[in-house]
Amino acid sequence: VQKIPLLTVRAGPRDGEEWNARLKEELTTLIQYVKVNKEQDNDWFQIECNKTGTRWTGKCWYYYENVRYEFELCFDIPVTYPEVAPEIMLPQLDGMTAKMYRGGKICQTIHFQPLWARNVPRFGVAHALALGLGPWLAAEIPDLVARGMIAKFAQ
């Protein structure tokens, strides 16, 4: 996580050119994060955004007991971003765990949201993945596997 660059531009989707500068920082940071992950053989997601940078889609995967479980990933950038973190969704897992909200939004409230709030505007999409989605997958996937809930996502 320390190798993920911090962002400096405090702008959201409604901020015109400032948002474009923020989006450039977001993409640069994500590229760096992916590069570090690949160097450490820890590649675990693929993500892209729409032209305006407000809708992000992709896939994430988690290895458990030598089996790869892959899921669709998506989120929208809130209009109050970066003050508010994006709500990451794994729609295929909707309703399978108590640590999830309607629509497949992963629970980030107790641990991640306060951390995000203390780090505005330095945290961005890469930080949300590393500190929000990553720990969520590590906590929830083993339980979902043990309960036989996600065998169809095994690769």
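Scroll up to find the structure this text is about.
Calculation criteria
- Counting from 1, residues in each chain are numbered in the order their sequence is written.
- In keeping with the predicted nature of the model, local features appear solely for residues at pLDDT of at least 70, side-chain atom pairs appear and are counted solely at 80 or more, and the whole-chain, interface and lining totals rest on all residues.
- Water and hydrogen atoms were dropped before computing side-chain values, which therefore reflect all heavy atoms in the structure.
- In this description a helix means any DSSP run of H or I spanning at least four residues, a strand means any run of E spanning at least two, and both kinds are numbered starting from the N terminus.
- In this setup the radius of gyration rests on C-alpha atoms only. A globule is expected at 2.2 Å times the number of residues raised to 0.38.
- Pairs of residues are marked as contacts when any of their non-hydrogen atoms sit within 4.5 Å.
- Under the convention used here, a 1.4 Å probe and the Shrake-Rupley method define accessible areas, while residue burial counts only the protein chains that appear.
- We score Asp and Glu as negative and Lys and Arg as positive, and we do not count His or the chain ends.
- The atoms used to mark charge sites are NZ of Lys, CZ of Arg, CG of Asp and CD of Glu.
- A pair of sulfur atoms, both from cysteines and within 2.5 Å, is called a disulfide here.
- Any Lys or Arg side-chain nitrogen found within 4 Å of a carboxyl oxygen on Asp or Glu counts as a salt bridge.
- Strands are labelled as partners when DSSP assigns at least two bridges between them.
- A fitted line through C-alpha atoms represents every axis, and for helices the fit uses only the stretch in contact; the resulting angles, taken between N-to-C directions, go from 0 to 180 degrees.
- Each angle gets one of four labels, with under 35 degrees taken as roughly parallel, over 145 as roughly antiparallel, 65 to 115 as roughly perpendicular, and the rest as oblique.
- Residues are sorted three ways: Asp, Glu, Lys and Arg are charged, Ala, Val, Leu, Ile, Met, Phe, Trp, Tyr, Cys and Pro are nonpolar, and all the rest, Gly among them, are polar.

S.K.: Go over the overall build of the protein, please, and point to the residues and values.
M.R.: A count of helices and strands for the protein gives three helices and five strands. Ordered by position from N to C terminus, the α and β elements of the protein give α-β-β-β-β-β-α-α. The C-alpha atoms of the protein give 15 Å as radius of gyration, which agrees with the globular expectation for 155 residues (15 Å, within 12%). Its C-alpha atoms put the protein at 45 × 35 × 30 Å along the principal axes. Put simply, of all contacts in the protein between residues at least 6 apart along the chain, 53% involve residues at least 24 apart. Taken as a whole, the protein presents about 8400 Å² of accessible surface, with 52% of it coming from carbon and sulfur. Looking at the protein, you have 18 positive and 18 negative side-chain charges, and the mean spots of the two groups are 2 Å apart.

S.K.: Any details on the state of the cysteines? Residues and values, ideally.
M.R.: Considering all chains together, one arrives at zero disulfides under this definition. With no disulfide partner, Cys60 has as its closest neighbouring cysteine sulfur the one in Cys74, 10 Å distant. Take Cys107: it sits in no disulfide, and the sulfur closest to it among the cysteines is that of Cys60, at 16 Å.

S.K.: Help me get a handle on the pattern of salt bridges, residues and values and all.
M.R.: As enumerated under the stated definition, the model contains eight salt bridges in all. When the shortest N-O distance is used, the salt bridge between Arg147 and Asp143 registers 3.1 Å. Taken together, the shared-partner salt bridges connect Lys59, Arg68 and Glu70 into one network.

S.K.: Can you lay out the pairing of strand β1 (residues 45–49) for me, pointing to particular residues and giving the numbers?
M.R.: Judged from the five bridges that link them, β1 and strand β2 (residues 55–64) form a sheet pairing that is antiparallel. Its bridge partner being in β2, Ile47 is matched across the sheet by Gly58. Hairpin geometry of β1 and β2 is characterised by an intervening segment of five residues between the two adjacent antiparallel strands and by a positive phi of about 75 degrees at Gly53.

S.K.: Let's hear about the packing of helix α1 (residues 17–39) against helix α3 (residues 125–146): which residues, and what values?
M.R.: α3 packs onto α1 with a crossing angle of 40 degrees between their chain directions and a minimal axis gap of 8 Å. If you check the angle between α1 and α3, you find them oblique. Residue-level inspection shows Glu26, Thr29, Leu30 and Tyr33 of α1 in contact with α3, the latter providing Val125, Ala126, His127, Leu129 and Ala130. Residues that form the contact of α1 with α3 fall into these classes: six nonpolar, two polar and one charged.

The quantities given are spatial measurements derived from coordinates; they are silent on function.
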